[in-house]
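Single-letter residue listing:
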Amino acid sequence: MKKLKAAELLITHVNEDLQEINHKLREADKIKEEYIGYYFNINSDYIDKIEDVMKAIDQKLMTKKFDDIRFIVNNINLKREREELFVSFDKVFLKLFPDFVTIFNSYFKEEDRIVLKDNQLLNAELRIFALIRMGISDTEKIARVLDYSVNTIYTYKTKVKSKSVLPNEEFEKKIMEIKTV
């Protein structure tokens, strides 16, 4: 009977572990699906923009309007394009993790919580940890995605973690525990 009870207990623990693994797999699948759609949509939009610019430049080359080409190139606003990319990322991320900001802020004292500006979905600090939650933990990749230096990413992460009520070594683990809807 003792061996049977021990076996049943072991089976129960293994089943609980399997349920947790299945939950994580479903969550990863949902994230993957959402971001594959997001990725193709964003790339499609950029390809359309590049195609429009190429047509306009080709047309100007045919008519030898070189000053107009310079005008077209100078009107490409990379800062605005990057901001649109961030807004798009923020929308998709918050669709998957609508409680992210609230849960993130619960890791801080009231006075250290992040307060977003009007019409702001995520700010730089939240976006860094959103990328971490998405599984991008390499600081160089985060820096490249957000167009920051590696030192800036380290500074943001250190500043945020130092204000948290959680121990620094547990902070990112807790970020990873934030669930999708």
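Refer to the preceding data block for the structure.
So, here's what we can say about the structure. Treat the numbers as computed from the prediction; the structure is a model and nothing was measured.

A word on the overall build of the protein chain
Part 1: When helices and strands are tallied, the protein chain shows 8 helices and 0 strands.
Part 2: Secondary structure elements of the protein chain occur, N-terminal to C-terminal, as α-α-α-α-α-α-α-α.
Part 3: Radius of gyration (C-alpha) of the protein chain: 23 Å, far over the 16 Å computed for a compact globule of 181 residues.
Part 4: Each principal axis of the C-alpha distribution contributes one length, and for the protein chain these read about 90 × 40 × 30 Å.

Some points on the environment of Phe 86
Part 1: Mapped onto the fold, Phe 86 is located in helix α3 (residues 78–96).
Part 2: By relative accessible area, Phe 86 is classed as buried at 12%.
Part 3: For the pair formed by Phe 86 and Ile 72, sequence separation is 14 residues and the distance between their alpha carbons is 24 Å.
Part 4: The residues contacting Phe 86, other than those within four sequence positions of it, are Arg 127, Val 145 and Leu 146.

A short note on helix α1 (residues 2–62)
Part 1: Spanning 61 residues, α1 covers 88 Å between terminal C-alpha atoms, matching the ideal 90 Å at 1.5 Å per step.
Part 2: Every buried residue of α1 is listed here: Glu 27, Ile 31, Tyr 35, Tyr 38 and Ile 42.
Part 3: Buried residues belonging to α1 abut α3 and α5 (124–133).

A word on a nonpolar patch on the surface
Part 1: Taken together, the side chains of Leu 10, Val 14, Leu 18, Ile 21 and Leu 25 present a nonpolar region at the surface, about 460 Å² in accessible area.
Part 2: For Leu 10, the position within the fold is in helix α1.
Part 3: A relative accessible area of 54% places Leu 10 in the exposed class.

Overview of the side chain of Ser 164
Part 1: Along the polypeptide, Ser 164 turns up in the loop between α7 (150–163) and α8 (168–176).
Part 2: Within the structure, Ser 164 has its side chain in polar contact with the backbone nitrogen of Leu 166 (distance 2.9 Å).
Part 3: Setting aside anything within four residues of it in sequence, one finds Ser 164 in contact with Tyr 107, Phe 108 and Phe 171.

Topic: the nonpolar core
Part 1: Counting residues in hydrophobic clusters, the biggest one holds 33 residues, and the most contacted among them are Phe 93, Phe 100, Phe 104, Phe 129 and Phe 171.
Part 2: If you list the elements that add at least two residues to this core, you get α1, α3, α4 (100–105), α5, α6 (139–146), α7 and α8.
Part 3: If we skip the residues at most four places from it in the chain, Phe 93 touches Tyr 35, Phe 100, Leu 122, Ala 130, Arg 133 and Met 134.

Structural notes on a negative patch on the surface
Part 1: A cluster of like negative charges, contributed by Asp 45, Asp 48, Glu 51 and Asp 52, occupies part of the molecular surface.
Part 2: With respect to the element layout, Glu 51 can be found in helix α1.

Side note on the packing of α5 against α6
Part 1: Where α5 contacts α6, the axes come no closer than 11 Å and their chain directions differ by 125 degrees. With respect to their mutual orientation, α5 and α6 come out oblique. For α5 against α6, the interelement crossing comes out right-handed. Of the residues in α6, those touching α5 at Arg 127, Ile 128, Leu 131 and Ile 132 are Ile 142, Val 145 and Leu 146.
Part 2: For the contact of α5 with α6, a count of residues per class yields 6 nonpolar, no polar and 1 charged.

Concerning α5
Part 1: Burial analysis of α5 places 10 of its 10 residues in the buried class, the great majority of the element.
Part 2: Of all the positions in α5, only Ala 124, Glu 125, Leu 126, Arg 127, Ile 128, Phe 129, Ala 130, Leu 131, Ile 132 and Arg 133 are classed as buried.
Part 3: On its buried side, α5 packs onto α1, α3, α4, α6, α7 and α8.
Part 4: One or two positions beyond α5, positive phi appears at Gly 135, with a value near 105 degrees.

The rules behind these values
Residues numbered from 1 in each chain as written. Predicted model: local features only at pLDDT ≥ 70, side-chain atom pairs only at ≥ 80, totals over all residues. Heavy atoms only, no water. Helix = DSSP H or I, 4+ residues; strand = E, 2+ residues; numbered from the N terminus. Rg over C-alpha atoms; globule rule 2.2 N^0.38 Å. Buried < 20%, exposed > 50% of the residue type's maximum accessible area, 1.4 Å probe, protein only. Contact = heavy atoms within 4.5 Å. Expected span 1.5 Å × (residues − 1). Patch = residues over 30% accessible without salt bridge, like charges linked within 9 Å, V, L, I, M, F, W, Y side chains within 5 Å. Areas by Shrake-Rupley, 256 points an atom, 1.4 Å probe, with all protein chains shown as cover. Salt bridge = Lys/Arg side-chain N within 4 Å of Asp/Glu carboxyl O. Polar contact = N/O pair within 3.5 Å; in protein donor to acceptor, adjacent residues only side chain to side chain. Core = buried A, V, L, I, M, F, W, Y, C linked by side-chain atoms within 4.5 Å. Lys, Arg positive; Asp, Glu negative; His and termini not counted. Charge placed at Lys NZ, Arg CZ, Asp CG, Glu CD. Axes fitted to C-alpha atoms, helices over the stretch in contact; angles between N-to-C directions. Parallel < 35°, antiparallel > 145°, perpendicular 65-115°, else oblique. Left-handed = near helix turned anticlockwise from the far one by under 90°. Nonpolar A, V, L, I, M, F, W, Y, C, P; charged D, E, K, R; others polar.

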